[in-house]
Amino acid sequence: MSAVDPIAALLAPTDTFVHRHIGPRPDDITAMLQTLGLASLDALVEGAVPGSIRAAAALDLGRDVACGREPGEAETLAAFRRMMQQNKVLRSLIGMGYSACHTPGVILRNILENPGWYTQYTPYQAEISQGRLEALINFQTMISDLTGLPLSNASLLDEGTAAAEAMAMCLHVAGGKKRAFVVADDCHPQTIAVVKTRAEAIGVAVRVAAPADMDFGTGDVCGVLLQVPDTLGRIVDPSALIARARAAGALAVVATDLLALTLLRPPGEMGADIAVGSAQRFGVPLGYGGPHAAFLACRDEHKRLLPGRVIGVSRDARGKRAYRMAMQTREQHIRRDKATSNICTAQVLLAIMAGMYAVYHGPQGLARIGARVHALTAALAAGLRKLGHDVGSAPFFDTLTVALQGVNAEAVHARALAKGINLRPIDAARVGVALDERSTVEEVATLLEVFAVSQTALDVHDLARGTDLGFGELARTSEFLGHPVFHSYHSEHDLLRYIHRLESRDLSLTSSMISLGSCTMKLNATSEMIPLSWPEIGDIHPFVPRDQAAGYTAMFDALERALSTITGFAAVSLQPNAGSQGEYAGLLVIRAYHQSRGQGHRDVCLIPTSAHGTNPASAVLAGFKVVAVACDERGNVDLGDLRKKAAQHAANLAALMITYPSTHGVFEVQIREICGVIHEHGGQVYLDGANMNAQVGLCRPGDYGADVCHLNLHKTFCIPHGGGGPGMGPIAVAAHLAPFLPGHPVVQCGGAQAIGPVSAAPWGSASILSISFMYILMMGAAGLTRATKVAILNANYMAKRLEGHYPVLYRGENGRVAHEFILDLRPLKASAGIEAEDFAKRLMDYGFHAPTMSFPVAGTLMIEPTESEPRAELDRFCDAMIAIREEVRKVEQGQWPRDNNPLKHAPHTADVVTATEWARPYPREVAAFPAPWVRDSKFWPHVARIDNAFGDRNLVCTCPPMDAYAAD
């Protein structure tokens, strides 16, 4: 080892990052290793990670992050800003489903930039998620009111995938028998392309036609997709076409615009069955395509097929109103290969922002914004007509298609660019222009100069006065957003307090560790998050000319290289904007590869029984037949059963989906052999990268036999979970699969034989890729590798501390676990009547979120501490689990009844423990303050244990009426 230069060390930055990201201090690491009987982290890795798969050389990320020393946070941020300043921030009036808007400062600072909101986990433990659940109820109410349909989900990934989900709904409502879907040719091109991608894999014929030419007479049509206003800006009443489709037994889906719906008749009133769209223009930055909250609303009779998550109203054990995820038994990851969708997440953080935008402005404020945008557009249209151009006779809201007279499109685009404006290219004689909330009178005047053939003086105010701003029979007459929540917080002070009141009802990483196995709730460092507020990142439309996004391109290229090196694969697609979409995209790439070789008949996908439910759901959506493979008593894939199934289906074997390390928290030593069996029978190996946090820098899927894997950037690479979204799920593939990486109809990307797009934007939720990129830059190759080692250390240390109190269900050959482990609570059901859910609720009283409950094994807890939790926090959680075990022992010994003890009554709210009467066999202090640290910093659950069955029997998924608040 070379000697350390003391002067170089003295002059190095003092704000380096690795030691800030990794929680345990060096002395802690030494002590934790001693607890395990080990001398070094390398010795731990040798015992936990099979030698057959460990990388032969240290991770080397090359020129992108190599600087000869560990960089400081400040210099990394400065370098990244220089990269992103290559982007040109122009005014983009391109439209196509993306509009610039104002993010109110109170929402920007207190939600988007607030770790109390962005570090929350998915609200499976509803008692400590009441704030964001209320915010999502607000979002659902907003969508339901504006679309005129009674039921909305809690958001989807983007407008294109929402339309594809709606198509799948139509197919399943028809029982799978009607396998044609008609799409209007005036829908956004990216929406049409995403729908086509989804349809082709599941054998649905998409017929793209002009609305006037649509034919439903053959009886094989399950649904029709219309866009109002359409992609060119025109508003045509779809009522007659909807009626015709429904008379033919097809469902009607309308893609729409929320701001336009403040002025226009909603789809539900026009007869639509389903409405889809994006809530992006309600306060969410463009972000070069995302993340944005899409929506899907439908009629009540289709609720069981509604994709994604739905938030509902129930009550707690004391009868108090409480929110929770409704209809959880129909969640797609539970239904596995019977699922109608693979969506198991939402765009929660963005949906909350959009919902709060509506709360802040209220119905009158939203209508005022909509009316202003429309008036400016009307003034522009009038001016364009005076200039001799044709903008058509159809009504419009904010978008115009200009048929040019006396000037060609190239010249107009050149003039616009000279003024700092992007317009939509359509063809040589037509240009599109879409105004938005940021548009001004001055901007309209500038646009008229751009389109002028000769000098003409036009006054925008006069033009607006001379136009008819109404919509006639298309005008909205029904009220919306009548609930008091949309009328109560219109001053910034009021909204600030409302936001923080809701935040205080949610446990996030600002309160304590969230040790969910397979979810990797690690530090989301501030320096990683800061760039999201830069205009160079947030204010770029996804369809700007590529030279205006040079900074994004540089980041994509460097990030793809880093992820390729980390995984050992040849190429990466950043397009999938969720882990589920990464699974789906990876399987479609495998499918396309087989088809390219004349083996399109290969349609069998082998999946171990331990797999997460999205695996079989994604396989079905990609057109595969799922065949289950057994696991042995140690939680590993049963190699004998795998050989049998692979041989049995050899003629049609397409793929194996496997999670590595396994979902049971173990590095399977047979992974090379498993991959070899699949390849021997002509299949490809899809590796679910949910557990890459145990591999980075130590082993690479591309080296030990996988052909493709997806990466959950919201897990291993630090994009925060945001209460259930956003996420990103890029895929890395071997060289022979690279030609099939997904493309896009508007922006050139993907492989030479690209599959269709799986997301509406070419690089998915591009803006949040900056978080992972900053993480990799600040950590460097050595830091990433050390993080992996410490993640494995933390898990093994906790398993060691807890093994004397609970059985650790699975271990590797050397007795070690990977980065997570499973505690078996099943014996306690027999001995004390205590179940995993009781542990989950009791942990709330100790100030913790429960680990992953009853997955992958019912009656267990799966714990993943990550590398960024310090030893003191690991010990605090272990102390809580040990204390709860002693509480269970009191039940076992008869000191507390099986049905009347702290675990069965947990969580204990403030109103419970301060009630006048207390008839329980344990003191109030045991209920509320069961551990010393709780006295110092108590997180009070807002509601007691929630009655899920009551909520399912009495399904309410919008803001409850005011009389319901009287009981609170």
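Residues numbered from 1 in each chain as written. Predicted model: local features only at pLDDT ≥ 70, side-chain atom pairs only at ≥ 80, totals over all residues. Heavy atoms only, no water.

Enquirer: Describe in detail the pattern of salt bridges, supporting the description with residues and values.
Expert: In this structure the tally under the stated criterion is 47 salt bridges. Note that Glu 134 and Arg 505 form a salt bridge whose closest N and O atoms lie 3.4 Å from each other. Here Glu 134 is found in helix α8 (residues 130-147), whereas its partner Arg 505 is found in the loop between α17 (492-503) and α18 (526-529), with 371 residues between them in sequence. Per residue, the accessibility class of Glu 134 equals that of Arg 505, and both read buried. In this structure, the salt-bridge partner of Glu 835 is Lys 829, at a minimum N-O distance of 3.8 Å. Of the residues examined, Lys 829 reaches a relative accessible area of 49% and is grouped as partly exposed. Within the structure, one salt-bridge network assembled from shared partners comprises Asp 28, Arg 801, Arg 871, Asp 875 and Asp 879. (Salt bridge = Lys/Arg side-chain N within 4 Å of Asp/Glu carboxyl O. Helix = DSSP H or I, 4+ residues; strand = E, 2+ residues; numbered from the N terminus. Buried < 20%, exposed > 50% of the residue type's maximum accessible area, 1.4 Å probe, protein only.)

Enquirer: Break down the nonpolar core for me, with residues and values.
Expert: Counting 302 residues, the largest nonpolar core has Met 142 and Phe 839 as the members making the most contacts within it. The element that contributes the greatest number of residues to this core is helix α13 (residues 348-386), accounting for 22 residues. With near-sequence residues (within four places) excluded, Met 142 lies in contact with Leu 258, Phe 282, Ala 354, Gly 355, Ala 358, Leu 481 and Phe 486. Counting residues in hydrophobic clusters, the runner-up holds 30 residues, among them Val 589, Cys 605, Ala 622 and Met 657. (Core = buried A, V, L, I, M, F, W, Y, C linked by side-chain atoms within 4.5 Å. Contact = heavy atoms within 4.5 Å.)

Enquirer: With reference to specific residues and values, describe the side chain of Ser 767.
Expert: Position of Ser 767 among the secondary structure elements: in the loop between β20 (731-733) and α26 (769-802). Within polar-contact distance, the side chain of Ser 767 engages the backbone oxygen of Gly 290 at 2.6 Å. Discounting chain neighbours no more than four positions away, the residues touching Ser 767 are Gly 287, Gly 290, Pro 291, Leu 532, Ile 537 and Tyr 552. (Polar contact = N/O pair within 3.5 Å; in protein donor to acceptor, adjacent residues only side chain to side chain.)

Enquirer: I'd like to hear about a nonpolar patch on the surface, residue by residue, with values.
Expert: A cluster of nonpolar side chains, contributed by Ile 7, Leu 10 and Leu 11, occupies part of the molecular surface with about 360 Å² of accessible area. On the accessibility criterion, Leu 11 (67% relative accessible area) is exposed. (Patch = residues over 30% accessible without salt bridge, like charges linked within 9 Å, V, L, I, M, F, W, Y side chains within 5 Å. Areas by Shrake-Rupley, 256 points an atom, 1.4 Å probe, with all protein chains shown as cover.)

Enquirer: How would you explain the sheet that holds strand β13 (residues 430-434) if you had to name every residue and give the values?
Expert: The strand order across the open sheet built from 4 strands is β1-β12-β13-β11, with neighbouring strands paired in mixed fashion. Taken across any chain shown, the strands that pair with only one partner, and hence form the sheet edges, are β1 (91-93) and β11 (399-403). Along the sheet, successive strands turn relative to each other by an average axial angle of 30°, direction set aside. Bridging between strand β12 (residues 421-427) and β13 involves 3 bridges; their strand directions are antiparallel. By the bridge assignment for β13, Arg 424 is matched with Gly 432. Across the sheet, helix α15 (residues 441-451) is in contact with β1, β11, β12 and β13; its angle to β12 comes to roughly 45°. (Pairing = 2+ DSSP bridges. Axes fitted to C-alpha atoms, helices over the stretch in contact; angles between N-to-C directions.)

Function cannot be inferred from these measures alone, as they are strictly geometric.
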